[in-house]
Amino acid sequence: MPDTAIIGAGVTGVLTAYNLARLGHDVSLFDRHDSAAMETSFANGGQISASNAEVWNTWHSVWTAASRLLSEDAPLRIGLRPDLHKLRWFCAFAREGLRHRANTIELAKMALHSRQCLRDVAAREGIDFDRRDSGLLHIYGTRAQFDAALRANTLLTGAGLERYPVTPAEIAKIEPALDGNYHAGLFTPGDFSGDIHKFTRGLLNVCTRLGVKIRFGRDVRGVSSDGRRATVTMGDGTADTYDNIVICAGVGSHRLARALGDDVNVYPVKGYSLTIEIDPATHEPDAPVTALLDEDAKIVTSRLGNRLRIAGLAEFRGADTAIDPARIAILHRWVARHFPRMGRGEITEWAGLRPMTPRMVPKVGRGRMANVYYNTGHGHLGWTLSAGTAETIAGMIAAGD
Ligand SMILES: Cc1cc2nc3c(=O)[nH]c(=O)nc-3n(C[C@H](O)[C@H](O)[C@H](O)COP(=O)(O)OP(=O)(O)OC[C@H]3O[C@@H](n4cnc5c(N)ncnc54)[C@H](O)[C@@H]3O)c2cc1C
């Protein structure tokens, strides 16, 4: 059987290793950290959300984001420091605006397929990841927001998503803990939530049982291929060769792809999260259980066992994971306003980098060389998309496509 090196043990790399190992391949999984899911797959929004598959390249999204750039609670921030990669990324993002419809439909179909793949893996392997099949409720504060969402919804439902409008009274019934006035909502019964970190760690144990060789604590400095053998070189100069290599390196994929002669335009888009231990004295109806997305604030919440995850914001400022107190305060204010009766215990703050392509559709396929593959660039939807893309890439490698 051929041997394959996978670079990156986030959710994407671990799922790729799992699928290849199940096909009987000899797999080595590399990561610079000592365990899996320590970067973007650490504390994300927790949502498996086919309903969030609309790509962002629309005039409406760009105009809405741009018009709020100077406000205190602006979801979007763009660093002003000159950066050639960022400029090139934004030019490609603008061009992709012409393909908004096709890209949204493609992403929605990928998300629907992946949602089912994730359910299958979880059921087959019995992984506990605080999953909650509550459906996902999008909430809209104004008629204009809701009308724009309905336009996008025709693309999503056309791709096969079950999703329907709900009134303010129905919103209150679906999520009684939520405080605030809303124009309307859209509810997706098939979306769900769960802890990405717990899942990835659980699946890593399965990988180990399937014989995947764990190569953690190794910072991959160089990768190359002559089309038949691929070489992986560590920081200390040691190197190993493999029949195939798969790049699943999140925001590190751009640099590794360049070394392999490929242009995989992945830019780091920073987001923030809070994880709040819910005070056990809280009345259960005062702590949310349904996965939510507030369209105005661009903030999501997921109930993970006795914790509430709140996540959002987007910053184009390079590969910097520092927590800006003024920015994360937006999440603190939002949760206090919307769940005023929920008792809060310990709160953990986090920032991570979405590996975003300008098309907002991941790169899943072969590179310039026949034995180089990519499964990366999952952007704002990596938890939703990676079970499906991992199955696809493993199938391609097995078939030699
Ligand atoms: C705030 C926030 C909220 C989000 N919410 C959601 C959500 O609700 N639903 C959803 O579907 N998605 C969400 N996402 C997106 C999702 O979390 C990501 O798309 C996903 O985690 C990316 O996984 P990955 O495996 O590609 O990257 P990562 O998890 O970053 O894994 C890449 C791995 O590669 C390793 N690596 C990189 N370079 C090297 C190297 N040279 N040598 C060795 N190792 C290397 C890194 O150490 C890392 O472990 C969110 C993201 C953020 C930031």
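Residues numbered from 1 in each chain as written. Predicted model: local features only at pLDDT ≥ 70, side-chain atom pairs only at ≥ 80, totals over all residues. Heavy atoms only, no water.

A. Up close: the site of the ligand. For the ligand, the set of nearby residues contains 35 residues, the closest of which are D31, S41, Q47, G379 and T384. One of the side-chain nitrogen or oxygen atoms of D31 is found 2.6 Å away from an oxygen atom of the ligand. Contact distances for the ligand include 2.8 Å between an oxygen atom and a backbone N or O atom of G379. For the ligand, the accessible surface in isolation is 1,000 Å², of which the surrounding protein chains cover 98%. If you list the elements that add at least two residues to the shell around the ligand, you get α1 (11-22), β14 (267-278), β18 (344-356) and α10 (382-399). For the shell around the ligand, the per-class residue count stands at 10 nonpolar, 18 polar and 7 charged. (Near = heavy atom within 4 Å. Polar contact = N/O pair within 3.5 Å; in protein donor to acceptor, adjacent residues only side chain to side chain. Areas by Shrake-Rupley, 256 points an atom, 1.4 Å probe, with all protein chains shown as cover. Helix = DSSP H or I, 4+ residues; strand = E, 2+ residues; numbered from the N terminus. Nonpolar A, V, L, I, M, F, W, Y, C, P; charged D, E, K, R; others polar.)

B. Summary view of the packing of α1 against helix α7 (residues 196-209). Their axes nearest at 9 Å, the elements α1 and α7 cross at an angle of 30 degrees. The angle between α1 and α7 falls in the class roughly parallel. Once α1 is placed against α7, the crossing between them reads as left-handed. In contact with V11, V14, L15, A17 and Y18 of α1, α7 contributes I196, F199, T200, L203, L204, V206 and C207. Classifying every residue of the contact of α1 with α7 gives 11 nonpolar, 1 polar and no charged. (Axes fitted to C-alpha atoms, helices over the stretch in contact; angles between N-to-C directions. Parallel < 35°, antiparallel > 145°, perpendicular 65-115°, else oblique. Left-handed = near helix turned anticlockwise from the far one by under 90°. Contact = heavy atoms within 4.5 Å.)

C. The environment of V55, seen in detail. Topologically, V55 is positioned in the loop between β3 (47-48) and α2 (59-67). Take V55: its relative accessible area is 1%, and that puts it in the buried class. Considering only alpha carbons, one finds V55 and R309, 254 residues apart in sequence, at a separation of 23 Å. Sequence-distant contacts of V55, defined by excluding residues within four places in its chain, comprise H100, N103, T104, L107, R359 and M360. (Buried < 20%, exposed > 50% of the residue type's maximum accessible area, 1.4 Å probe, protein only.)

D. Geometry of the pairing of strand β19 (residues 363-366). Examined bridge by bridge, β19 and strand β20 (residues 372-376) share 4 bridges and lie antiparallel to one another. When the bridges of β20 are listed, G365 appears paired with Y374. Between the end of β19 and the start of β20, which pair antiparallel, lie 5 residues. (Pairing = 2+ DSSP bridges.)

E. Broad picture of the packing of aromatic side chains. Scanning all chains against the criterion turns up 14 aromatic pairs. Residues W89 and F90 carry aromatic rings whose centres are separated by 5.3 Å and whose planes lie at 85 degrees to one another, so their mutual orientation is edge-to-face. With centroids separated by 5.7 Å and ring planes inclined at 55 degrees, the aromatic side chains of Y140 and F146 adopt a geometry described as tilted. As far as burial versus exposure is concerned, Y140 and F146 are alike and both buried. Counting every residue linked through ring pairs, the aromatic cluster contains W89, F90, F93, Y267 and F316. Across the ring face of F192, the terminal group of R131 is positioned such that the distance to the ring centre comes to 4.8 Å. (Phe/Tyr/Trp six-rings, centres within 6.5 Å; stacked < 30°, edge-to-face > 60°. Lys NZ or Arg CZ within 6 Å of the ring centre and 35° of its normal.)

F. Summary view of the nonpolar core. I6, V14, L15, L29, F199, L203 and W383 are the most contacted members of the largest nonpolar core, which totals 37 residues. Taken together, the elements giving at least two residues each to this core come down to α1, β2 (26-31), α4 (100-125), α7 and α10. Among the nonpolar cores identified, the runner-up in size contains 27 residues, and L137, A177, L313 and M342 belong to it. (Core = buried A, V, L, I, M, F, W, Y, C linked by side-chain atoms within 4.5 Å.)

G. Representation of the pattern of salt bridges. All chains considered together, the criterion is met by 26 salt bridges. Its salt-bridge partner being D191, residue R115 comes within 2.7 Å of it at the nearest N-O pair. Of this pair, R115 sits in helix α4 while D191 sits in the loop between β7 (184-188) and β8 (192-193), and the two are 76 residues apart along the sequence. D191 matches R115 in its accessibility class, with the two residues each being buried. Beyond isolated ion pairs, a larger network of salt bridges with shared partners links D128, D130, D195, K198 and R307. (Salt bridge = Lys/Arg side-chain N within 4 Å of Asp/Glu carboxyl O.)

H. Region of interest: the side chain of N153. Note on placement: N153 falls in helix α5 (residues 143-158). What makes N153 buried here is its relative accessible area of 7%. Filtering out sequence-adjacent residues up to four positions away, N153 remains in contact with R163 and L186.

I. Local environment of the layout of surface pockets. A volume near 260 Å³ is recorded for the second largest pocket. Surrounding the second largest pocket, 16 residues form its lining, D294, D296, A297, W334 and R337 being those nearest its centre. Here the lining of the second largest pocket takes 5 residues from helix α9 (residues 325-338), the largest share from any one element. Considering only residue class, the lining of the second largest pocket consists of 5 nonpolar, 4 polar and 7 charged. (1 Å grid on protein atoms, 1.4 Å probe; cavity = no way out; pocket = protein on both sides within 12 Å on 5 of 7 lines; lining within 4 Å. Points joined across faces, edges and corners; volume = space filled by probe spheres on them.)

J. Spatial organisation of α9. Between its first and last C-alpha atoms α9 spans 20 Å; for 14 residues at 1.5 Å apiece the expected length is 20 Å, and the two agree. In this structure, the buried residues of α9 make contact with β4 (76-78), β14, β15 (291-294), β16 (299-304), β17 (307-316) and β18. The backbone nitrogen of A326 has a side-chain oxygen 3.0 Å away, supplied by the residue at the start of α9, namely D324. (Expected span 1.5 Å × (residues − 1).)

K. How the structure looks around the sheet that holds β19. Spatially, 6 strands are ordered β9-β2-β1-β13-β20-β19 in an open sheet, and the strand pairing comes out mixed. Every other strand in the sheet has two partners, leaving β9 (213-216) and β19 as the edge strands with one partner each. This sheet shows a mean twist of 20 degrees between the axes of neighbouring strands, independent of strand direction.

L. Focus on the sheet that holds strand β11 (residues 230-234). An order of β10-β11-β12 is seen for the 3 strands of this open sheet, with the pairing classed as antiparallel. The sheet is open, and its two borders are formed by β10 (220-225) and β12 (239-242), each paired with just one other strand. When strand polarity is set aside, the average angle formed by the axes of neighbouring strands in this sheet is 20 degrees. Here β11 runs beside β12; their pairing, made up of 4 bridges, is antiparallel. Residue pairing across strands places A230 opposite Y242, the latter belonging to β12.

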